[in-house]
Amino acid sequence: MASFKERWNIKSNWQVFVILVVFAVTGSTSAYLSKPVLELFGIIKDEVSNWIYYPLYIILIFPIYQVLLVSFGFIFGQFTFFWAFEKKMLKSMGLGFLVPDKKSPE
């Protein structure tokens, strides 16, 4: 726990616990929600090749996960942490243009 607290600049063990719970709930929920979203677009596992279904399933998990991470972070009272985490993750993936930094007018 100490390494998480140090790396993430967190003060209490309770906050570490809540953050780990949010990560777990977000991962499970995004995987669970991806299947109905694929079905909404007419992509059903039994009717499509596994070579098409699973890559689409995995690709779809990513944006759902990003939205849910910040949403669950808000619900669990850790929005500031997860918003900063989200921006850092998107920037490291080369998608930083999706969340531009606010800069003061010059």
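As a starting point, this report considers the structure included with it. (Residues numbered from 1 in each chain as written. Predicted model: local features only at pLDDT ≥ 70, side-chain atom pairs only at ≥ 80, totals over all residues. Heavy atoms only, no water.)

### Let's talk about helix 3 (residues 50-75)
Rules: Counting from the N terminus, the helices are DSSP H or I runs at least four residues long and the strands are E runs at least two residues long. Every helix has an expected span of 1.5 Å times one less than the residues it contains. Using a 1.4 Å probe on the protein chains alone, a residue whose accessible area is under 20% of its type maximum counts as buried, one over 50% counts as exposed, and one in between counts as partly exposed. Polar contacts here mean pairs of N or O atoms no more than 3.5 Å apart (in protein, one a potential hydrogen donor and the other a potential acceptor; neighbouring residues in sequence count only if both atoms are side-chain atoms).
In a regular helix each residue adds 1.5 Å, so 26 residues correspond to 38 Å; helix 3 covers 35 Å between its end C-alpha atoms and thus fits that length. Buried within helix 3 we find Y53, Y57, L60, I64, Y65, Q66, L68, L69, V70, F72 and G73. N-capping of helix 3 is provided by S49, with a side-chain oxygen placed 3.1 Å from the backbone N of W51. Just downstream of helix 3, G77 is the residue with a positive phi angle, here 80°.

### A few points about unusual backbone geometry
For N9, which is not glycine, the phi torsion reads 55° and is therefore positive. Tracing the backbone shows N9 in the loop between helix 1 (2-8) and helix 2 (13-40). Residue classification places N9 among the exposed residues on the basis of a relative accessible area of 59%.

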